[in-house]
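Topology and contacts: notes
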Amino acid sequence: MTAHGGDTENPPVRRLSGWDADELVALAGEYGTPLYVMDRDRVRENCARLRGAFPDAEVRYAVKAHTGRAVLEAVRESGLAAECASAGEVERALAAGYDGSEVQYTAVNPPGRDLDHVVDRWRENPELTVTVGAADTVGRLRDRGFDGRLCIRANPGVGAGHHEKVRTGANAKFGVPYDEVADLAASVADEFDFVGLHAHAGSGISGEDLSNHRELVRRMGELAREVESRVGPLEFVDVGGGFGVPYREDEPPLDLESVADATREALGDVSGTLAVEPGRYVVADAGVLLARVNTVKEAADATVVGVDAGMTTLLRPAMYDAYHEIRNLSAENTEEAISATVAGPICESADVLCENRSLANPRRGAYLAVGNAGAYGYEMASTYNSRPRPAEVALDGGKARLVRRRETLTDLTELEQ
Ligand SMILES: Cc1ncc(COP(=O)(O)O)c(C=O)c1O
Ligand SMILES: N[C@@H](CCCC[NH3+])C(=O)O
């Protein structure tokens with residue numbers, strides 16, 4: 001056992017030092033950069049750790065963190081269900097072999113096209129569950145003939161997460177106002193197969209803001225007891241995901257066992273099964289992004305290191321000022337450290353992966369690795385500045401295969417007519 005209560009075979013954190021630099025350089029050479037590398041073995045380890053910490057709960061993977069088929073298949077084989085945020089994610093989950101009974105669709109201001117599609121899929125997979133975040137959506141489902149498994153997302157009035165922009169719990173956009181949930185549940189219980197309650201505090205919850213998570217779960221326990229007293233037993237109470245991972249080198253990993261204990265204790269007695277839906281925790285440290293240095297220039301207070309990956313490849317630093325570990329794979333410890341600002345090729349000042357970071361002196365042609373890029377990395381990539389999105393390889397037992405080809409300039413104009 002490690003200091004964090006983890007299994008030494010399956011440590012709770014994998015930092016960049018846990019990746020083999022020579023293997024990564026070989027992959028960059030073979031497949032080109034920018035390149036996402038997803039280690040499916042690590043995905044399986046993360047799933048196993050979650051299942052170990054929450055043995056009696058249903059663990060649902062929040063597909064939005066990484067929707068690639070190779071990842072979804074590994075997650076499915078590891079026994080996690082799938083929580084999907086759109087018709088497209090439902091499609092991907094079913095295509096990756098998920099049974100409808102393991103698929104939850106969480107509707108957030110759902111476009112009619114999404115509802116049409118999901119209701120069509122529900123006809124073929126009647127065990128699929130739809131979660132509504134507004135009373136309004138119930139009517140739209142009814143109009144489409146849906147009378148299947150329905151869950152209500154509550155707005156619990158308490159949020160958490162690594163940045164204001166990812167705290168959903170107290171944001172009016174998400175969920176039915178807490179005080180209105182019980183009445184809505186009573187009004188839908190006869191017409192639909194009303195199965196559960198849902199809430200999500202936000203993303204990237206650390207040990208420090210665990211009190212908010214606990215408060216959310218406590219409120220959901222209370223709500224579940226009220227709803228059960230009015231409509232009978234629920235099948236599940238889903239308290240969301242958001243379990244954080246350490247991005248900084250000195251940040252300790254979340255103690256998942258304590259989170260699980262706190263969750264169970266805060267929920268109290270409910271008849272439904274506890275459900276959790278982590279995304280980041282499953283895939284973040286299973287992925288690295290590889291980039292190549294193309295420009296080195298001296299500026300007043302730092303050396304600017306220009307690379308071929310930027311905010312269109314990994315948006316998190318630009319959008320949330322997120323910190324990602326960066327390592328010069330081509331120099332390792334042989335070069336003196338410099339103060340580097342690593343910047344991408346996009347015409348935006350925000351296109352910076354790190355500022356004034358100590359990095360082994362990167363020369364033109366060097367390969368850099370960016371850690372914890374598996375969650376919300378490829379998923380948030382775009383083609384802004386007409387930059388094709390990167391390629392992706394998956395590793396199994398260290399063996400690589402290309403699972404997503406690099407976009408081409410032709411792909412960029414393909415939709416135009
Ligand atoms: C409804 C819902 N569930 C689960 C998640 C997964 O969050 P995370 O990747 O932080 O675990 C999110 C994203 O924040 C979400 O919006
Ligand atoms: N995209 C966010 C997480 C938000 C998840 C969606 N609710 C991040 O990279 O941290």
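Computed from a predicted model, the values in this text were never measured in an experiment.

This part takes up the pairing of strand E12 (residues 303-307). Of all 5 residues making up E12, 4 are buried, and the element is well covered by its neighbours. For strand E11 (residues 287-298) and E12, the ladder comprises 5 bridges, and the chain directions are antiparallel. Each bridged residue has a counterpart across the sheet, and for Thr295 the counterpart in E12 is Gly306. Hairpin remark: E11 followed by E12, antiparallel, with 4 residues in the connecting loop. With 4 bridges connecting them, E12 and strand E14 (residues 337-343) associate as parallel partners. Looking at E14, one finds that Val304 is bridged to Thr341.

Domain boundaries assigned for the protein chain yield domain 1 (107-278) and domain 2 (285-413). Computed over C-alpha atoms, the centres of domain 1 and domain 2 are 34 Å apart. With 10 residues of domain 1 in contact, the opposing surface of domain 2 contributes 8 residues. Both faces combined, the contact of domain 1 with domain 2 buries some 930 Å², and carbon together with sulfur accounts for 51% of it. Our count for the contact surface shared by domain 1 and domain 2 stands at 3 residue pairs in polar contact (both at pLDDT 80 or more). Here the residues of the side of domain 1 that touches domain 2 sort into 4 nonpolar, 3 polar and 3 charged.

Counting residues in each nonpolar core, the largest one holds 83 residues, and the members touching the most others are Phe54, Tyr61, Ile152 and Leu197. It is helix H8 (residues 210-231) that contributes the most residues to this core, 7 residues altogether. Here this core gathers at least three residues from each of two domains, domain 1 (107-278) and domain 2 (285-413). Of all hydrophobic cores here, the second largest spans 20 residues; its members include Ala291, Leu314, Val342 and Leu359.

This part covers the UniProt feature "binding site: pyridoxal 5'-phosphate" (unreviewed entry) in the protein chain. In the UniProt entry, the feature "binding site: pyridoxal 5'-phosphate" (unreviewed entry) is given for Gly242, Glu277, Pro278, Gly279, Arg280 and Tyr376. Among the structural elements, Gly242 can be located in the loop between strand E9 (236-238) and helix H9 (256-267). For Gly242, a relative accessible area of 8% gives the class buried. If we ignore the near neighbours within four places in the chain, the residues touching Gly242 are His200, Gly202, Ser203, Gly204 and Ile205. Tracing the chain through its elements places Arg280 in helix H10 (residues 280-283). Taking the relative accessible area as the measure of exposure, Arg280 reaches 5% and is therefore buried. Excluding anything up to four places from it in sequence, Arg280 contacts Ala65, His162, Ser203, Gly204, Phe243, Val245, Tyr247, Arg316, Ala375 and Tyr376. Looking at Arg280, its side chain comes within polar contact range of the side chain of Tyr247, at 2.8 Å.

Our focus in this paragraph is the site of ligand 2. In the vicinity of ligand 2, the residues found are Lys64, His162, Val166, Ser203, Arg280, Arg316, Tyr320, Tyr376 and Met380. Between ligand 2 and His162 there is a distance of 2.7 Å, counted from an oxygen atom to a side-chain nitrogen or oxygen. A distance of 2.6 Å is found between an oxygen atom of ligand 2 and a side-chain nitrogen or oxygen belonging to Arg316. Protein chains shield 85% of the accessible area of ligand 2, which is 310 Å² for the free molecule. Grouping the constituent residues of the shell around ligand 2 by class yields 4 nonpolar, 2 polar and 3 charged. Split by domain, the shell around ligand 2 shows at least three residues from each of two domains, domain 1 (107-278) and domain 2 (285-413).

Rules behind the numbers
- Counting restarts for each chain: residues are numbered from 1 in the order of the written sequence.
- The lettering of chains begins at A and the numbering of ligands begins at 1, in the order of writing.
- Since the coordinates come from a predicted model, pLDDT governs what is reported: local features require at least 70, and pairs of side-chain atoms require 80 or more to be given and counted, while whole-chain, interface and lining totals use all residues.
- Heavy atoms throughout the structure, all of them, feed into the side-chain values; hydrogens and water do not.
- A 1.4 Å probe rolled over the protein chains alone gives each residue an accessible area, and that area as a share of the maximum for its type sets the label: buried under 20%, exposed over 50%, partly exposed in between.
- Numbering of helices and strands starts at the N terminus; helices are DSSP runs of H or I of at least 4 residues and strands are runs of E of at least 2.
- Two strands pair under a simple rule: DSSP has to find at least two bridges between them.
- For the domains described, the bounds stem from an automatic or database domain assignment.
- The criterion used for residue contact is that any of the two residues' heavy atoms lie within 4.5 Å.
- Note on terms: buried area is the combined drop in 1.4 Å-probe accessible area of two parts once they are placed together, counting the loss on both.
- We define a polar contact as two N or O atoms separated by no more than 3.5 Å, with the added condition that, inside protein, one atom must be a possible hydrogen donor and the other a possible acceptor, whereas residues neighbouring each other in sequence contribute only through side-chain atom pairs.
- Residues are grouped as follows: Ala, Val, Leu, Ile, Met, Phe, Trp, Tyr, Cys and Pro are nonpolar; Asp, Glu, Lys and Arg are charged; every other residue, Gly included, is polar.
- Put simply, a nonpolar core is a bunch of buried Ala, Val, Leu, Ile, Met, Phe, Trp, Tyr and Cys residues held in one set by side-chain atoms that sit within 4.5 Å of each other.
- UniProt positions are given in the numbering used here, feature names are shortened, and annotations may be inferred rather than shown by experiment.
- Summary of the distance rule: residues count as near a molecule or strand when at least one heavy atom falls within 4 Å of that molecule or strand.
- The Shrake-Rupley method, run with a 1.4 Å probe sphere, supplies the accessible areas, and residue values consider only the shown protein chains as cover.

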